[in-house]
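Fold and contact review
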Amino acid sequence: MATDPRTRQDGLGWVTRAIFGDPRLWLGMPPDPVPATHRPAARYAVVPSVERARFLLPLASRRVGAASTLAYNALRPPRVRANRLAVGMLAGLGATGLARMPVLTVAVPTDADPAELLLAGHLGRLTGRPLHAAIGIRPPDPHHKPTLQLFDDRGAARAYAKIGWNDATRAMVRAEAAALRELPRDGGDFPDVPRLLREVAWGELAVTLVEPMPARVRRLRHPQRPEVAAMLAVARRGGPAGTPRPVRGSAFLADLTARAATAGGPVVAAVTALATRDGELPVEFGRWHGDWVPWNLGRHRGRLVVWDWENSGADRPVGFDLAHQGFQSALSLGGRDVAGATGEMVGVLDRHGAAFGLDRARQRFVADAYLVELWLRTAELAAGGGGWSAKLHPALLHTLADRLGSPRP
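Residues numbered from 1 in each chain as written. Predicted model: local features only at pLDDT ≥ 70, side-chain atom pairs only at ≥ 80, totals over all residues. Heavy atoms only, no water.

**Brief notes about unusual backbone geometry**
The linkage connecting V47 with the following residue, P48, adopts the cis geometry, with an omega of -10°. Note on placement: P48 falls in the loop between β2 (38-47) and β3 (55-58). The step from H393 to P394 runs through a cis peptide bond, and the omega angle for that step is 0°. Mapped onto the elements, P394 comes out in the loop between α12 (360-386) and α13 (395-404). The backbone phi angle of R301 is positive, close to 50°, even though this residue is not glycine. Mapped onto the elements of the fold, R301 is located in the loop between β13 (297-300) and β14 (303-306). For R301, a relative accessible area of 79% translates into the label exposed. (Helix = DSSP H or I, 4+ residues; strand = E, 2+ residues; numbered from the N terminus. Buried < 20%, exposed > 50% of the residue type's maximum accessible area, 1.4 Å probe, protein only.)

Here you go:
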């Protein structure tokens with residue numbers, strides 16, 4: 001039986017199709033032998049198994065294997081950290097076989113240059129050193145991006161690569177690259193941000209190389225406590241507060257209106273209701289990170305470190321990152337439904353809104369405008385083939401209708 005994982009329909013299948021998509025490559029696992037026409041170019045342990053694959057651990061050397069599982073372990077939850085530590089110790093001893101993890105071999109034609117067929121080989125050639133890729137496995141989704149942690153022969157982290165493989169994900173990695181090029185680097189309250197190293201076109205793939213995070217970066221001690229000063233620094237690009245402007249006539253409302261017209265349905269009425277109620281309300285607009293959540297934050301030497309800027313954008317109400325953290329933490333970490341997460345978000349805005357210049361009316365506007373933004377993002381992902389989020393659809397539209405007095409779907 002063929003063991004090429006690219007034939008699978010799960011996470012292992014879509015990731016290997018995206019990263020090892022060249023048909024000249026041979027991929028297989030025992031008992032399939034490498035054909036005589038090919039030679040092995042890379043080997044990976046499939047962690048923990050083919051059916052439950054979460055990670056492809058490079059077996060280039062003991063040092064590389066151990067580094068790929070132990071790097072940034074302090075950012076992970078305790079249970080995941082313990083599992084990674086155990087795998088890392090086995091890799092360091094060259095004993096991953098004891099865990100009976102299957103080994104995936106990637107082979108190239110005997111007369112081919114691996115750097116022309118393997119993304120890690122190509123990136124290594126561009127950067128001037130051999131690189132070995134540790135590859136994360138996620139469920140298949142048109143809006144998930146394969147990611148590579150890249151290590152040199154000594155096991156030192158050299159870069160983090162995000163791969164855009166379809167229209168939606170190519171746009172996301174390019175948006176992050178654009179954001180990283182423009183962000184201030186002056187310290188102060190503005191958080192530390194990984195630097196963009198390179199943008200690479202590889203066939204149909206768009207790849208961004210970002211510098212690795214500091215080796216000793218740690219999880220936040222109080223991950224759900226808002227980092228108010230850093231959020232404000234991001235919103236104001238490290239500068240002073242902006243002058244409030246009416247919602248009506250703003251670039252933000254124009255953007256919501258245009259995107260709602262494309263999405264159609266009840267969200268059009270929601271945007272109209274928001275504009276009718278708050279059109280004359282003066283609001284400060286600025287930039288937002290776009291996915292300010294505990295799992296995108298860390299601390300290093302007393303400084304906040306923030307990554308994953310692919311949803312960043314300008315002309316958003318100041319306080320949007322605060323609203324996003326409150327809603328998403330309740331939804332994803334607290335297991336709340338949309339109504340419960342909305343209530344948590346409203347509470348967060350109530351407790352911290354004054355620091356953002358938000359009185360009651362502006363807190364209400366930021367909350368409702370954020371829910372509209374979130375719905376439009378959800379609808380755009382669905383339109384791109386990603387399917388509807390079961391957590392958000394249709395409950396988010398119901399919540400918007402209740403809060404804005406617009407028709408329910």
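**Structural notes on the domain arrangement of the protein chain**
The domains assigned to the protein chain are domain 1 (5-210) and domain 2 (218-404). Each side of the interface is counted separately: domain 1 has 27 residues, and domain 2 has 24 residues. Approximately 2100 Å² of surface area, both sides summed, lies buried where domain 1 meets domain 2, with 59% of it carried by carbon and sulfur atoms. One can count five salt bridges joining domain 1 with domain 2. Notably, a salt bridge pairs E310 with K162, separated by 3.2 Å at the nearest N-O pair. At the surface where domain 1 touches domain 2, the tally comes to 10 residue pairs in polar contact (both at pLDDT 80 or more). Of all the elements in the fold, those that place two or more residues in the side of domain 1 that touches domain 2 are α3 (78-92) and α6 (167-182). Among the elements that make up the side of domain 1 that touches domain 2, the one with the highest residue count is α6 (six residues). (Domains from an automatic or database assignment. Contact = heavy atoms within 4.5 Å. Buried area = accessible area lost by both parts, 1.4 Å probe. Salt bridge = Lys/Arg side-chain N within 4 Å of Asp/Glu carboxyl O. Polar contact = N/O pair within 3.5 Å; in protein donor to acceptor, adjacent residues only side chain to side chain.)

**Here we look at empty space enclosed by the protein**
Taken as a whole, this structure holds one cavity of 30 Å³ or more when the rule is applied. Each pocket or cavity is described by its volume, and for the largest cavity that value is around 50 Å³. In terms of lining residues, the largest cavity is bounded by M231, A235, R287, W288, P317, V318, G319, F320, D321, L322 and F356. Breaking the lining of the largest cavity down by element, the ones donating at least two residues are α7 (228-235), β12 (285-288) and α10 (320-333). The greatest single-element share of the lining of the largest cavity, amounting to three residues, is contributed by α10. The class makeup of the residues in the lining of the largest cavity is eight nonpolar, one polar and two charged. (1 Å grid on protein atoms, 1.4 Å probe; cavity = no way out; pocket = protein on both sides within 12 Å on 5 of 7 lines; lining within 4 Å. Points joined across faces, edges and corners; volume = space filled by probe spheres on them. Nonpolar A, V, L, I, M, F, W, Y, C, P; charged D, E, K, R; others polar.)

**Some remarks on the environment of L180**
Note that L180 resides in helix α6. Accessibility expressed as a relative area gives 4% for L180, which makes it buried. Note: C-alpha distance between L180 and V46 (134 residues apart in sequence) is 32 Å. In contact with L180, not counting residues within four places along its chain, are R185, V193, P194, L196, V210 and W309.

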